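Each chain is listed here by its residues.
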Amino acid sequence: FKIVYVDLAHRCNMECANCYLPNRDFPDIDTKILLETMSKFKKRTEFRLIGGEPTLHKDLPKIIREITTMPLKHRVVLVTNGLRLANPDYTKKLADAGLKTVYLSLNGADDDSVYEVMDNMKCAKKKIKAFENCVENNIKMAIGCIIAKGINEHVPQRIKEIIQEYNYPVSLEFRNVGQIGRYSLDKDQNYSREEILTMLSGIFDFDPTTEQWKESLIDDDTYSWYFPL
């Protein structure tokens with residue numbers, strides 16, 4: 001396997017309107033069994049630690065340290081809402097354990113009015129602080145953003161501005177509201193791939209009609225694109 005997703009915890013410290021995994025009843029993954037399983041991999045693998053919210057797992061620093069120091073030196077990506085990364089000491093602890101890459105959700109950039117609707121919580125300050133702490137610890141970042149019609153169309157531009165303010169290279173992933181789990185928009189209310197592609201082309205200065213982008217339109221329901229800045 002090149003990439004393996006690991007649900008460390010189904011618990012979460014948020015109640016987002018567009019959660020693909022709203023079931024919170026399963027226990028956290030057993031650390032010993034997890035590490036024993038990972039030790040059996042024969043080739044270097046990227047383990048993406050997800051949830052729920054993986055930072056709620058009490059052994060996360062240990063898990064990161066053990067994975068990254070195995071003989072094959074596996075790669076770890078932490079997929080997080082960032083609330084706990086707003087704590088500088090905790091972020092440094094993860095970085096010291098060997099964390100080098102974070103996928104951070106920023107549906108509202110620094111706009112609390114968006115988070116209040118999409119994530120049922122005013123958390124803009126914590127989100128931006130998490131971003132800052134990752135920068136401070138030289139952690140690579142991918143920024144994830146769900147675009148919901150009539151709610152946060154202004155956010156991609158603001159995310160671009162924040163990244164440029166910090167002059168820190170990241171990858172960006174944008175998608176529409178996935179029709180899975182708990183979601184706030186039905187399919188006929190959602191943006192299509194082509195609509196968001198056109199929206200983003202004006203912000204990130206690319207031509208959405210080129211063959212490169214036409215080939216990426218696998219279906220009309222969901223998508224994600226990466227824009228290195």
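Below or above, wherever it landed, is the structure these notes cover. (Residues numbered from 1 in each chain as written. Predicted model: local features only at pLDDT ≥ 70, side-chain atom pairs only at ≥ 80, totals over all residues. Heavy atoms only, no water.)

**Looking at the overall build of the protein chain**
Short version of the rule: Secondary structure is summarised from DSSP: a helix means a run of H or I of at least four residues, a strand means a run of E of at least two, and numbering begins at the N terminus for each. Put simply, the radius of gyration uses C-alpha atoms, and a globule should come to 2.2 Å times the residue count raised to 0.38. Relative accessibility decides the category of a residue: with a 1.4 Å probe and only protein chains considered, values under 20% of the type maximum give buried, values over 50% give exposed, and everything between is partly exposed. The contact criterion used is simple: two residues touch if any of their non-hydrogen atoms lie within 4.5 Å.
When helices and strands are tallied, the protein chain shows eight helices and seven strands. Taken against the 2.2 N^0.38 rule, which gives 17 Å for 229 residues, the C-alpha radius of gyration of the protein chain at 18 Å falls within 12% of a compact globule. The C-alpha extent of the protein chain, read off along each of the three principal axes, is 45 × 40 × 40 Å. A total of 229 residues make up the protein chain; the buried ones form 49% of that total. Contacts in the protein chain between residues at least 24 apart in sequence constitute 74% of all its contacts with a sequence separation of at least 6.

**Quick notes on helix 2 (residues 60-68)**
Definition in use: Regarding the arc, it is the one traced by the directions from the helix axis to the C-beta atoms.
Here helix 2 has its buried residues at Leu-60, Pro-61, Ile-63, Ile-64, Ile-67 and Thr-68. Here the buried residues of helix 2 occupy an arc of 165° about the axis, which is enough to place them on one side.

**Some remarks on the layout of surface pockets**
Rules: The way it works is a 1 Å grid over only the protein atoms, where trapped points that fit a 1.4 Å probe form a cavity and open points with protein on both sides within 12 Å along at least five of seven lines form a pocket, and then any residue with an atom within 4 Å of a point lines it. Grid points are joined across faces, edges and corners, and a volume is the space filled by probe spheres set on the points. When residue character is reported, Ala, Val, Leu, Ile, Met, Phe, Trp, Tyr, Cys and Pro are called nonpolar, Asp, Glu, Lys and Arg charged, and the others, Gly included, polar.
Approximately 940 Å³ is the volume attributed to the largest pocket. If you trace the largest pocket, you find 41 residues lining it, with Tyr-20, Val-79, Tyr-103, Ser-105 and Arg-175 closest to the centre. Listing elements by their share of the lining of the largest pocket, those giving two or more residues are strand 2 (46-51), strand 3 (75-80), strand 4 (101-105), strand 5 (140-146) and strand 6 (171-175). Per element, the largest residue contribution to the lining of the largest pocket is six residues, and it comes from strand 5. Partitioning the lining of the largest pocket into residue classes produces 21 nonpolar, ten polar and ten charged. Reported here for the second largest pocket is a volume of approximately 190 Å³. Residue lining of the second largest pocket: Arg-44, Thr-68, Lys-73, His-74, Arg-75, Val-76, Gly-98, Lys-100, Thr-101 and Lys-140, and that is the complete set. Of the residues belonging to the lining of the second largest pocket, the class tally is one nonpolar, four polar and five charged.

**Here we look at the packing of helix 1 (residues 31-38) against helix 2**
Cut-off, in case you're wondering: Where helices are involved, their axes are fitted lines through C-alpha atoms of the stretch in contact, as for all axes, and angles between N-to-C directions lie from 0 to 180°. Roughly parallel covers angles under 35 degrees, roughly antiparallel covers those over 145, roughly perpendicular covers 65 to 115, and oblique covers all other angles. If you view the pair so one helix is near and one far, a crossing is left-handed when the near helix is turned anticlockwise from the far one by less than a right angle, and right-handed when it is turned clockwise.
The contact between helix 1 and helix 2 brings their axes to 10 Å, and the two run at 15°. By the criterion of interaxial angle, the relationship of helix 1 to helix 2 is roughly parallel. Considering the relative orientation of helix 1 and helix 2, their crossing is right-handed. Contacts between helix 1 and helix 2 involve Thr-31, Leu-34, Leu-35 and Met-38 on the former and, on the latter, Lys-62, Ile-63, Glu-66 and Ile-67.

**Focus: the packing of aromatic side chains**
The condition is simple: Side-chain rings of Phe, Tyr and Trp (the six-membered ring for Trp) are treated as a pair once their centres are within 6.5 Å; stacked means planes under 30 degrees apart, edge-to-face means over 60, and tilted covers the remaining angles. Criterion for a charge above a ring: Arg CZ or Lys NZ at most 6 Å from the ring centre, at most 35 degrees from the ring normal.
Counted according to the given criterion, the structure contains four aromatic pairs. Geometrically, the ring pair formed by Phe-41 and Phe-47 is edge-to-face, given 5.1 Å between the ring centres and 80° between the ring planes. Taken as a pair, Phe-41 and Phe-47 share a single burial class, namely buried. With a centroid separation of 5.8 Å and an interplanar angle of 50°, the aromatic rings of Phe-174 and Phe-204 are classed as tilted. Placement of the pair is Phe-174 in strand 6 and Phe-204 in helix 7 (residues 193-204), with a sequence separation of 30 residues. An identical accessibility class is assigned to Phe-174 and Phe-204; each is buried. In this structure, Lys-149 packs its charged tip against the face of Tyr-191, placed 4.9 Å from the ring centre.

**With respect to the nonpolar core**
The cut-off we apply is this: By convention a nonpolar core is built from buried Ala, Val, Leu, Ile, Met, Phe, Trp, Tyr and Cys residues, the set being connected through side-chain atoms within 4.5 Å.
Counting residues in each nonpolar core, the largest one holds 61 residues, and the members touching the most others are Leu-49, Val-102, Met-141, Ile-143 and Ile-159. Once residues within four sequence positions are removed from consideration, Leu-49 is found in contact with Val-6, Leu-8, Pro-54, Leu-60, Ile-63, Ile-64, Ile-67, Val-76, Val-77, Leu-78 and Val-79.

**Structural notes on the environment of Lys-127**
Mapped onto the fold, Lys-127 is located in helix 5 (residues 124-136). For Lys-127, a relative accessible area of 1% puts it in the buried group. Linking Lys-127 and Tyr-115, residues twelve residues apart in sequence, is a C-alpha distance of 10.0 Å.

**Regarding the state of the cysteines**
Our working definition: Defined by distance alone, a disulfide is two cysteine sulfur atoms within 2.5 Å.
Taken as a whole, this structure holds zero disulfides when the rule is applied. Cys-134 carries a free sulfur, and the closest cysteine sulfur to it, the one in Cys-123, is 15 Å from it.

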